Amino acid sequence: MMCDECGIRPAQFHLTTISGEEKTERNLCPVCMAKYQKQIPGLDFTNLAGLISGFLESAAAARDGEEQPDENAQLTCPNCGTTYSMFQKSGMLGCAQCYQAFRKPLEGLLMRVHGNTQHAGRIPGGVKSDVSIRMNIDRLRQDLVKAIAAEEYEEAARLRDQIRALKQQLEPADKAESASGATGEGEKEHG
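Residues numbered from 1 in each chain as written. Predicted model: local features only at pLDDT ≥ 70, side-chain atom pairs only at ≥ 80, totals over all residues. Heavy atoms only, no water.

**What to know about the packing of aromatic side chains**
Our working definition: Working definition: rings of Phe, Tyr and Trp (its six-membered ring) pair if their centres are within 6.5 Å, and the pair is stacked with planes under 30 degrees apart, edge-to-face with planes over 60 apart, and tilted otherwise. Helix numbering and strand numbering both begin at the N terminus, where a helix is a DSSP run of H or I of at least 4 residues and a strand a DSSP run of E of at least 2. Each residue's exposure class comes from its accessible area (1.4 Å probe, protein chains only) as a fraction of the maximum for that residue type: buried when under 20%, exposed when over 50%, partly exposed otherwise.
Overall, the coordinates contain two aromatic pairs when judged by the stated rule. Their ring planes at 45 degrees and their centres at 5.5 Å tell us that Tyr-84 and Phe-87 sit as a pair that is tilted. Of the two residues, Tyr-84 and Phe-87 are both situated in helix 3 (residues 84-90); the distance of three residues between them amounts to about one turn of the helix. We classify Phe-87 as buried; its relative accessible area is 3%. With a centroid separation of 5.5 Å and an interplanar angle of 65 degrees, the aromatic rings of Tyr-84 and Phe-102 are classed as edge-to-face.

**Notes on unusual backbone geometry**
With the exception of glycine, most residues fall at negative phi, and the peptide bonds are largely trans. One non-glycine residue with positive phi stands out, namely Glu-151, at about 60 degrees. Relative to the elements of secondary structure, Glu-151 occurs in the loop between helix 6 (130-149) and helix 7 (153-190).

**Focus on the pattern of salt bridges**
If the charged atoms of two oppositely charged side chains come close together, the side chains can form a pair. Put simply, the test is: Salt bridges are identified by distance alone: a Lys or Arg side-chain nitrogen within 4 Å of an Asp or Glu carboxyl oxygen.
Overall, the coordinates contain six salt bridges when judged by the stated rule. With its nearest N and O atoms 3.4 Å apart, the salt bridge here joins Lys-23 to Glu-25. A residue is classified by how much of its surface remains accessible, and Lys-23, at 54% relative accessible area, is exposed. A relative accessible area of 43% places Glu-25 in the partly exposed class.

**Overview of helix 6**
Short version of the rule: One less than the number of residues in a helix, times 1.5 Å, gives the span that helix is expected to have. Arc, as used here, means the arc of the directions from the helix axis to the C-beta atoms.
The terminal C-alpha atoms of helix 6 lie 29 Å apart, and with 20 residues this matches the ideal 28 Å at 1.5 Å per residue to within 8%. Residues of helix 6 that are buried include every one of Ser-132, Ile-133, Ile-137, Leu-140, Leu-144 and Ala-147, and no others. The arc enclosing the buried residues of helix 6, seen along the axis, measures out at 140 degrees, which places them on a common side. Those residues of helix 6 that are exposed and aimed more than 90 degrees away from the buried face are Val-145, Lys-146 and Ala-149.

**A few points about the nonpolar core**
For the record, the criterion: Take the buried Ala, Val, Leu, Ile, Met, Phe, Trp, Tyr and Cys residues and link them wherever side-chain atoms come within 4.5 Å; each set so joined is a nonpolar core. In what follows, residue pairs with any heavy atoms lying within 4.5 Å of each other are defined as contacts.
Ile-133, Ile-137, Leu-140, Leu-144, Ala-147, Ala-156, Leu-159, Ile-163, Leu-166 and Leu-170 together form the largest nonpolar core, which totals 10 residues. Non-local contacts of Ala-147, meaning those with residues more than four positions away in its chain, are made with Glu-152, Glu-155, Ala-156 and Leu-159.

**Side note on the side chain of Thr-83**
Threshold: Any N or O atom pair separated by 3.5 Å or less is treated as a polar contact, with the protein-specific requirement of one donor-capable and one acceptor-capable atom, and with residues adjacent in sequence counted only for side-chain atom pairs.
Summarising the element assignment, Thr-83 is placed in the loop between helix 2 (48-66) and helix 3. In this structure the side chain of Thr-83 is engaged in a polar contact, spanning 3.1 Å, whose partner is the side chain of Ser-85. Aside from chain neighbours lying at most four places away, what touches Thr-83 is Ala-73, Leu-75, Thr-76 and Phe-102.

**Notes on the confidence of the model for the protein**
To keep things clear, this is the line we draw: Residue-level confidence of the predictor, termed pLDDT, takes values from 0 up to 100.
Residues of the protein with pLDDT of at least 70 account for 65%, and the chain-wide mean is 75. Per-element mean pLDDT across the protein ranges from 57 in helix 2 up to 90 in helix 4 (residues 98-101). Below a pLDDT of 50 lies the segment residues 184-191, which in the model reaches zero contacts outside its immediate sequence neighbourhood of four places, other chains included.

Okay, here's the thing in structure tokens:
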């Protein structure tokens with residue numbers, strides 16, 4: 001489905017606005033949705049619980065269509081009593097122990113939504129550090145595994161070469177660290 005606003009990009013958002021008695025529904029691409037977000041001050045995408053709830057509802061609808069029983073629906077947190085089906089409806093967990101109680105289905109959900117179960121945060125802009133290089137290497141390795149699984153060998157070779165280039169950027173820093181560490185130990189012995 002194409003965006004109702006621009007007609008160029010695929011729609012990823014469904015926006016329903018109600019003004020008085022008038023209800024308007026639009027399918028929008030991310031670019032056009034960003035424009036609407038600026039125009040409508042009450043529109044807030046920071047509500048993560050609502051977003052997760054939306055993902056879970058769409059996943060549940062897909063499962064209902066296939067009539068597969070949800071074996072995780074009866075999982076219950078021993079601390080607060082929240083069930084996994086309650087989490088699916090609200091998008092909110094009851095306590096910190098829910099993460100452990102629902103670990104397996106949550107990991108599957110995070111893999112589907114984010115493509116990873118480990119948080120890879122961001123580094124402030126303009127900072128060129130070993131950490132950002134290592135994060136890029138990790139991201140490229142994940143992409144490499146996906147490319148190999150999809151039998152996209154040319155893409156895999158390109159990713160392999162990028163990983164090698166980034167590793168070469170790390171080598172001088174790693175050598176400098178090991179040299180300064182050896183020098184520092186030697187100075188301590190003489191000191």
